[in-house]
Amino acid sequence: MSETGSTVQILDVSVAAFDLLPTGLIEDGQIVPIIGDGTLESDLRKASAQDADVLIAVSGKDAANAMSAQIAHHILGVPRVICRLSDPVLKEMYEGLELTTVSPTGLVSDLILSAANG
Amino acid sequence: MYVLIVGAGRVGTAIARWLLASDHEIAIIDNDEARCMAIEEELGGVVVPGEGTEAAILGRAGANRADVFIATTRRDDENLVACQLAKHRFGAARVVALVNVPEHVELFNRLGIDVSVNTTALLVDRIQEDLAALMIEEVCSWET
């Protein structure tokens, strides 16, 4: 997203997670790493989530992603919220509760199916 | 009344004991094997091992017929997801959640959790009451 001209703030509780980010884009200010807990409204505000056009919750935990996404949607009024959910039952439920969700397992199985179908 | 509890920590276990003593039917879900065994030993066959955020586990525990569903883990995100599953997927009549981080109370209320128990506020209120009582006692002792 930073390559398309957007500014991206990345929130994570672990400093080590930021080692994976491209240093050039951090130095240019296009990616801003912020230490914090995405399930806390106060930390999301620290990352200016209230001014964001899009919030993407893609941690490794479904419950944490669901909570971050709902804080962004219902409390901070972020216009577009995308939530990663591995559990298909949770995915179905939260889609019914106005969240846009993505599932890594769903994406992989869709790719395999389309490859199998030629 | 059938009450389904998620989390066999101190709070969940104390609620389970009290409900059983009042002749209610309960089940308690926990993901920790040692805690499950301890509950089983003390309270009998009321334990459903597993994650309270998984629909299959809630289904096995009879969430669809729960009059009250109570999520008591230390993680607010898990309590929220468990309560939302119980309410929206299984139609539990009333959902109650422990809220460990006070700033989460507004979200829980806004998302339709029937009762959000703010554990921090409860503790602070109790300490304030005890301190006030101590201060009154001290003032009274000056006057005598």
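Everything numeric here is computed off the predicted structure, so don't read it as measured data.

Cut-offs applied
Residues numbered from 1 in each chain as written. Chains lettered and ligands numbered in written order. Predicted model: local features only at pLDDT ≥ 70, side-chain atom pairs only at ≥ 80, totals over all residues. Heavy atoms only, no water. Buried < 20%, exposed > 50% of the residue type's maximum accessible area, 1.4 Å probe, protein only. Helix = DSSP H or I, 4+ residues; strand = E, 2+ residues; numbered from the N terminus. Pairing = 2+ DSSP bridges. Axes fitted to C-alpha atoms, helices over the stretch in contact; angles between N-to-C directions.

Caption draft 1: Expanded view of the pairing of strand 4 (residues 68-71) of chain B. Residues and elements named next belong to chain B. The side-chain alternation of strand 4 yields two buried faces, one formed by Val68 and Ile70 and the other by Phe69 and Ala71. Note: strand 1 (residues 2-6) against strand 4, four bridges, orientation parallel. Each bridged residue has a counterpart across the sheet, and for isoleucine 5 the counterpart in strand 4 is isoleucine 70. Bridging between strand 4 and strand 5 (residues 95-99) involves three bridges; their strand directions are parallel.

Caption draft 2: The sheet that holds strand 6 (residues 115-118) of chain B, seen in detail. Residue and element names in this part refer to chain B. With respect to topology, six strands assemble into an open sheet ordered 3-2-1-4-5-6, the strand pairing being parallel. Only two strands of the sheet have a single partner each, and these edge strands are strand 3 (47-49) and strand 6. Within this sheet the neighbouring strands show an average axis-to-axis angle of 20°, counted without direction. Sheet analysis places strand 5 next to strand 6, joined by four bridges and oriented parallel.

Caption draft 3: Focus on the environment of A:Gly60. Mapping A:Gly60 onto the fold places it in the loop between strand 3 (54-57) and helix 3 (62-75). C-alpha of A:Gly60 to C-alpha of A:Gly24: the two residues are 36 residues apart in sequence and 26 Å apart in space.

By themselves, these observations are geometric and do not establish any function.
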